[in-house]
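Listed below are the residues making up each chain.
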Amino acid sequence: MRIPLPKHYYKIVDLKFESKRIRTYRFGIGPKKILSLPGFPHSGLTYLYFLLKYDLKKVQFITFDLPGWVGNSENIFEELGYNEEQLIILVELIINKYELNHFSVIGYSFGSSLAARLVGLNKYRIEKLALISPVLDGDQITYRRWLLNTLRQFKIYDYLKLHIYRKMNIYKAQLIKLGLDPSLLDEYQKMFKNSDSKVLLESIDKLFTSNYSSYLDNFDADKILIASSKDESPYIKEQSTLLRRKLKGEKTLYLEGNHEDFILHPETEMVVKVIDFLIK
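Residues numbered from 1 in each chain as written. Predicted model: local features only at pLDDT ≥ 70, side-chain atom pairs only at ≥ 80, totals over all residues. Heavy atoms only, no water.

### Looking at the overall build of the chain
Part 1 of the argument: If you tally the helices and strands in the chain, you get 10 helices and eight strands.
Part 2 of the argument: Rg of the C-alpha trace for the chain: 18 Å, near the compact-globule value of 19 Å for 280 residues, within the 12% margin.
Part 3 of the argument: Over its C-alpha atoms, taken along the principal directions, the chain stretches across nearly 50 × 45 × 40 Å.
Part 4 of the argument: Counting every position in the chain, which comprises 280 residues, the buried fraction comes to 58%.
Part 5 of the argument: The long-range fraction of contacts in the chain, counting pairs at least 24 apart against all pairs at least 6 apart in sequence, stands at 78%.
Part 6 of the argument: Of the charged side chains in the chain, 41 are positive and 34 negative, and the gap between their average positions amounts to 3 Å. (Helix = DSSP H or I, 4+ residues; strand = E, 2+ residues; numbered from the N terminus. Rg over C-alpha atoms; globule rule 2.2 N^0.38 Å. Buried < 20%, exposed > 50% of the residue type's maximum accessible area, 1.4 Å probe, protein only. Contact = heavy atoms within 4.5 Å. Lys, Arg positive; Asp, Glu negative; His and termini not counted. Charge placed at Lys NZ, Arg CZ, Asp CG, Glu CD.)

This is the structure:
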């Protein structure tokens, strides 16, 4: 996939993890570093739309392609299935490779659970944390948990992949209607065809059957930003409400638009607020 940035503003690095190739990215050349954890089921490349709205001389975004999802990482879960503990070890490898000694973390949607896990390890110097449309309390998501369990029980893995692909087509039509260039999304859809249906289902099933909230207990609430969109699905808005109620003191940001707009059609003002919070 082409990168719409000058070459000196980004770097693509392939790492080896358990004999598999893992694709990682660094966007920006600034002194402040942010580890960016992708939302389901996306490549770290989706942060490009977001970063085009910010001065990349001020910040570095480090992100990656999660194995089995969209992107160019080889699938470490191909034989034994999705394993979150294995994924956390992979994220730690990326942290060490990029020498992230003092850094902030942004977790979008699914990525919020990985962000919470990292904070809970209490072994890294994480300065601030931005949770965008967080999903941390799977106990509250009963209907979708039942649906995923049914799909998993009957091994209907392709249903979820087809549903996601359909949503991408809908969003592409919206971009065209707004007069925006959908060419990056076209290339992205080609990458999506290589994702693993079983890993997609197992990873989102893990999210919707777990509670990650307690991992934030020992992190200062005033160093956390929670951003949620006004037009998101009710169950996602409820997740943000529950988390704000628990933390009492976090910074709050309400976004315009739906769940995908944050990453695919971001507003400049919102991007600046989120990144400024993380690096200042």
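### With respect to the pairing of strand 6 (residues 125-132)
Looking along a regular strand, one sees side chains alternate from face to face of the sheet.
Part 1 of the argument: Counted residue by residue, strand 6 has six buried out of eight residues, so it is predominantly covered.
Part 2 of the argument: Each parallel crossover has a hand, and for strand 5 (residues 102-108) linked through helix 3 (residues 110-121) to strand 6 it is right-handed.
Part 3 of the argument: Bridging between strand 6 and strand 7 (residues 224-229) involves four bridges; their strand directions are parallel. Residue pairing in the sheet places Leu-131 in a bridge with Ile-226 of strand 7. (Right-handed = clockwise from strand over helix to strand, strands pointing away. Pairing = 2+ DSSP bridges.)

### Observations concerning the nonpolar core
When a protein is soluble and globular, its nonpolar side chains tend to lie buried together.
Part 1 of the argument: Counting 96 residues, the largest nonpolar core has Phe-27, Leu-35, Phe-50, Phe-61, Ile-106, Val-274 and Ile-275 as its most contacted members.
Part 2 of the argument: With seven residues, helix 10 (residues 268-279) is the single largest residue contributor to this core.
Part 3 of the argument: For Phe-61, the contacting residues outside a window of four places in its chain are Tyr-25, Arg-26, Phe-27, Ile-34, Ser-36, Tyr-47, Phe-50, Leu-51, Ile-106 and Ile-275. (Core = buried A, V, L, I, M, F, W, Y, C linked by side-chain atoms within 4.5 Å.)

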